[in-house]
Amino acid sequence: MISVIVPVYKVEKYLDKCVQSILSQTYRDFELILVDDGSPDECGKKCDYYAKENKKIIVIHKENGGLSDARNAGTKIARGKYITYIDSDDYVSKDYLQTLVSLKEKYDADIVVTGLAVFKEGTTPSEINKGKVYFYTGIQALEKMLYQNTLDTSACAMLLPADIAKKYQFPKGKYHEDEFTTYKYYSSVDRVIVATKKQYFYLQREGSIMHAFGQASIDELDAADNLVKFCENEYPKLVPAAQSKKFSDYCQVLLADANLQQEKLNVYKRIIDYLDEYKIKIIRDRNCRPKNRIAASLLLFGPAPLKLINKIIR
């Protein structure tokens, strides 16, 4: 059985589509755990209604603790052998679970990841995508994640053993919680399968806290630093890959606010000092994605061409 864990908070507008996409799965051996994270709207009542109508659904009501805390609460009570996380403003294709299970069984994989399509509010993502299938060891998957090549740090669009999910909890009170967590998944398993066909649909909402400077940006910098330290201690050969990921994250935070230099000089200096120190190494590392190497080349002329870098790095 698969435990599908969905944290719920202030998503009245999106929750129905999310839940219905899960209940419509062709693979039927699953439980759906809805974690009402103290949502101040009608989401809690909606969750109770869903559970009344469908025995596959379990509802947790808890005080607001953030996405990490909600995921952890759902993981704690999960009865499935495997777990997948779905955010409550996203949705999945009807064969999402079947694809994950089929790939796991076919390749005897520990973790299976499927493609994730990002779309903006008011648009509809294309679901026509044949994709490819890649086989990695856990450490190869970690390297691919760091180089942002066929894998990213998202904990969504993934099927993983419940015992691993329960062992590595998400950090409560942190944004970019996936970046603090998923590297532990990959480094602790032997086999990872990545199918690039897009079957998880990620809504990028306007005005999201993840797209403006704030504590989320500080956490993004800290998460990138943490990845480098982890590789330095455990996998020294992967340090260049971790530096590439850090370079990308630092650039994104730099571009989050055009007034960063005036308003957060210490953060601005932290970013600029790192980019200046590592831009040559990024340019020379042929494993880095082209966006990073082009941005690093532009930074040879200083941090001024922000708009141009923004178009390239995102």
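It should be noted that the structure appears before, not after, this text.
Please read all numbers here as calculations on a predicted model, not as lab measurements.

Basis of the calculations
- Residues numbered from 1 in each chain as written.
- Predicted model: local features only at pLDDT ≥ 70, side-chain atom pairs only at ≥ 80, totals over all residues.
- Heavy atoms only, no water.
- Helix = DSSP H or I, 4+ residues; strand = E, 2+ residues; numbered from the N terminus.
- Contact = heavy atoms within 4.5 Å.
- Areas by Shrake-Rupley, 256 points an atom, 1.4 Å probe, with all protein chains shown as cover.
- Lys, Arg positive; Asp, Glu negative; His and termini not counted.
- Charge placed at Lys NZ, Arg CZ, Asp CG, Glu CD.
- Patch = residues over 30% accessible without salt bridge, like charges linked within 9 Å, V, L, I, M, F, W, Y side chains within 5 Å.
- Salt bridge = Lys/Arg side-chain N within 4 Å of Asp/Glu carboxyl O.
- Buried < 20%, exposed > 50% of the residue type's maximum accessible area, 1.4 Å probe, protein only.
- Expected span 1.5 Å × (residues − 1).
- Bend = angle between axes of the 7 residues up to and from the residue.
- Disulfide = S-S within 2.5 Å.

Draft legend 1. View of the overall build of the protein. Helix and strand content of the protein: 13 helices and 9 strands. Expressed along its principal axes, the backbone C-alpha trace of the protein runs to roughly 60 × 45 × 35 Å. Taking the intrachain contacts of the protein between residues at least 6 apart in sequence as the baseline, contacts between residues at least 24 apart amount to 78%. By element, 50% of the accessible surface of the protein is carried by carbon and sulfur atoms, the whole surface being about 15100 Å². When the 47 positive and 42 negative side-chain charges of the protein are each reduced to one mean point, those points stand 5 Å apart.

Draft legend 2. Summary view of a nonpolar patch on the surface. On the surface, Ile-280, Leu-300 and Phe-301 cluster together into a nonpolar patch covering about 330 Å² of accessible area. On the accessibility criterion, Leu-300 (46% relative accessible area) is partly exposed.

Draft legend 3. Representation of unusual backbone geometry within the structure. Positive phi is not limited to glycine here, since Lys-10 has a value of about 55°. Mapped onto the elements of the fold, Lys-10 is located in the loop between β1 (2-8) and α1 (12-23). A residue is classified by how much of its surface remains accessible, and Lys-10, at 48% relative accessible area, is partly exposed. Its identity as a non-glycine residue notwithstanding, Asp-108 has a phi of 50°, on the positive side. In this fold, Asp-108 is placed in the loop between α4 (96-107) and β6 (111-120).

Draft legend 4. Main features of helix α11 (residues 265-284). The end-to-end C-alpha separation of α11 is 29 Å, in line with the 28 Å expected for 20 residues at 1.5 Å each. Along its length, α11 shows its largest kink, about 45°, at Tyr-278. Looking at the packing, one finds that the buried side of α11 touches α8 (215-234), α9 (239-256), α10 (260-263) and α12 (290-298).

Draft legend 5. Here's a closer look at the state of the cysteines. What the rule picks out here adds up to 0 disulfides. In this model Cys-156 remains outside any disulfide bridge; the closest cysteine sulfur is found in Cys-18, 9.6 Å from its own. Cys-156 sits in the buried class, given a relative accessible area of 4%. Its sulfur unpaired, Cys-251 is 11 Å from the next cysteine sulfur, which belongs to Cys-288.

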